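Residues per chain, in single letters:
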Amino acid sequence: MFKIVEKSLLADNIYKLRIEAPRVANSALPGQFVIVRVDEQGERVPLTIADFDKEDGTVTIVIQTIGASTKKLCALNEGDYIADFVGPLGNPSEFVHLTEEELRSRHYLFVAGGVGTAPVYPQVKWLHEHGGNADVIIGAKTASMLIYTDEMARVANNLYVATDDGSYGFKGMVTAKIKDLIDNEGKHYDECVAIGPMIMMKFVTLTTREYSLPTTVSLNALMVDGTGMCGACRVSVGGKIYFTCVDGPEFDGHQVDFDEAMRRQAMYRNQEAHANDKHNHKCNCF
Ligand code: NAD
Ligand code: FES
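Nothing here was measured: the structure is a model prediction, and the numbers come from that model.

## Here we look at the site of ligand 1
So, step 1. Near ligand 1 you find 22 residues, and of these Val115, Lys141, Asp164, Ser218 and Asn220 are the closest.
So, step 2. Valine 174 has a polar backbone atom sitting 3.0 Å from an oxygen atom of ligand 1.
So, step 3. At 2.6 Å from an oxygen atom of ligand 1 is found a side-chain nitrogen or oxygen belonging to asparagine 220.
So, step 4. Surface burial for ligand 1 is 81%, taken as the share of its 860 Å² of free accessible area covered by protein chains.
So, step 5. For the shell around ligand 1, the leading source of residues is helix 7 (residues 198-210), giving 4 residues.
So, step 6. Here the shell around ligand 1 is built from residues that sort into 10 nonpolar, 10 polar and 2 charged.

See the structure below:
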């Protein structure tokens, strides 16, 4: 069992949970994820790690309550326990293998969309601690949905905030801000990393392709076992099949078949809606 040592509400329906999981915290690296199960009957929910602290043995996850399982998870409070917290899973970000000299010579652009901002944070933090250079664009629908802006400002070389409705920062989507930085501000980047909704990652890669800017994306495919056995997290990259859980979660964004990935992500929408209705009904009955 894994204890929730801290819980906070970051934005509407978005919660941050800090979990006591010393073994996971001790071997975690940026880019990796965990699979969480609230209780014995719970569905396995893959979540990209939003922070980890080897000293106090905790791992932070950020969850948006979109379905029955995430609602059940976020109904727990500080001091409660989660049945399973398996990880770290998947491969760490490529840059953790670079030397400090290589890191210093590259300029990264991170594009973080909505809840996907949380998993961008440990990557930018790691680069900051290892002499890397990272500019960050955070995009959200509106100002009240922005998360991790203060934390990111502390570790990014430059932080740019964009909101779709213009209620904070640049008015427009992250793709417009990428163009603005390169075309109008004369910025040059060696590599882009995009994490957020699948549709955002698709359009970021279409944008960066125009500038021949290599782009890594982190895919949040549906997962069951998380060990490469079930095939649930299958994705096509460069015409070949990969399993997100063991071959990813990060891939070359210019090679990903996003349309197929989005179709697969929506495969269980009816079942998810049914489980959600059942969960809401149960909650209303108490
Ligand atoms: P959102 O819909 O508010 O989008 C965030 C930003 O992405 C927008 O402000 C915009 O700048 C950009 N964006 C969205 N659609 C775009 C388009 N068509 N073209 C260009 N830019 C676009 O984000 P949200 O509601 O927080 O997203 C939730 C989704 O993010 C969930 O589906 C969740 O599964 C996913 N997610 C992914 C990861 C990951 O590891 N990839 C992590 C957490 C959450
Ligand atoms: Fe089963 Fe990846 S989740 S193969």
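## Regarding the packing of aromatic side chains
So, step 1. Summed over the entire model, instances satisfying the criterion amount to 7 aromatic pairs.
So, step 2. With a centroid separation of 5.4 Å and an interplanar angle of 50°, the aromatic rings of tyrosine 121 and tyrosine 148 are classed as tilted. One end of the pair, tyrosine 121, is in helix 4 (residues 117-129); the other, tyrosine 148, is in the loop between strand 10 (133-140) and helix 5 (149-155), with 27 residues separating them in the sequence.
So, step 3. Judged by its relative accessible area of 10%, tyrosine 121 falls in the buried class.
So, step 4. Among the aromatic residues, those joined into a ring-pair cluster are Phe95, Tyr108, Phe110 and Trp126.

## Section: the side chain of threonine 58
So, step 1. With respect to the secondary-structure elements, threonine 58 resides in strand 6 (residues 58-64).
So, step 2. Note on threonine 58: relative accessible area 5%, which makes it buried.
So, step 3. A distance of 3.3 Å separates a polar atom in the side chain of threonine 58 from a polar atom in the side chain of arginine 18.
So, step 4. Threonine 58 has contacts with Val5, Arg18, Ile19, Glu20, Ala21, Ala25, Phe52 and Asp53, leaving out every residue within four places of it along the chain.

Criteria and thresholds
Residues numbered from 1 in each chain as written. Chains lettered and ligands numbered in written order. Predicted model: local features only at pLDDT ≥ 70, side-chain atom pairs only at ≥ 80, totals over all residues. Heavy atoms only, no water. Near = heavy atom within 4 Å. Polar contact = N/O pair within 3.5 Å; in protein donor to acceptor, adjacent residues only side chain to side chain. Areas by Shrake-Rupley, 256 points an atom, 1.4 Å probe, with all protein chains shown as cover. Helix = DSSP H or I, 4+ residues; strand = E, 2+ residues; numbered from the N terminus. Nonpolar A, V, L, I, M, F, W, Y, C, P; charged D, E, K, R; others polar. Phe/Tyr/Trp six-rings, centres within 6.5 Å; stacked < 30°, edge-to-face > 60°. Buried < 20%, exposed > 50% of the residue type's maximum accessible area, 1.4 Å probe, protein only. Contact = heavy atoms within 4.5 Å.

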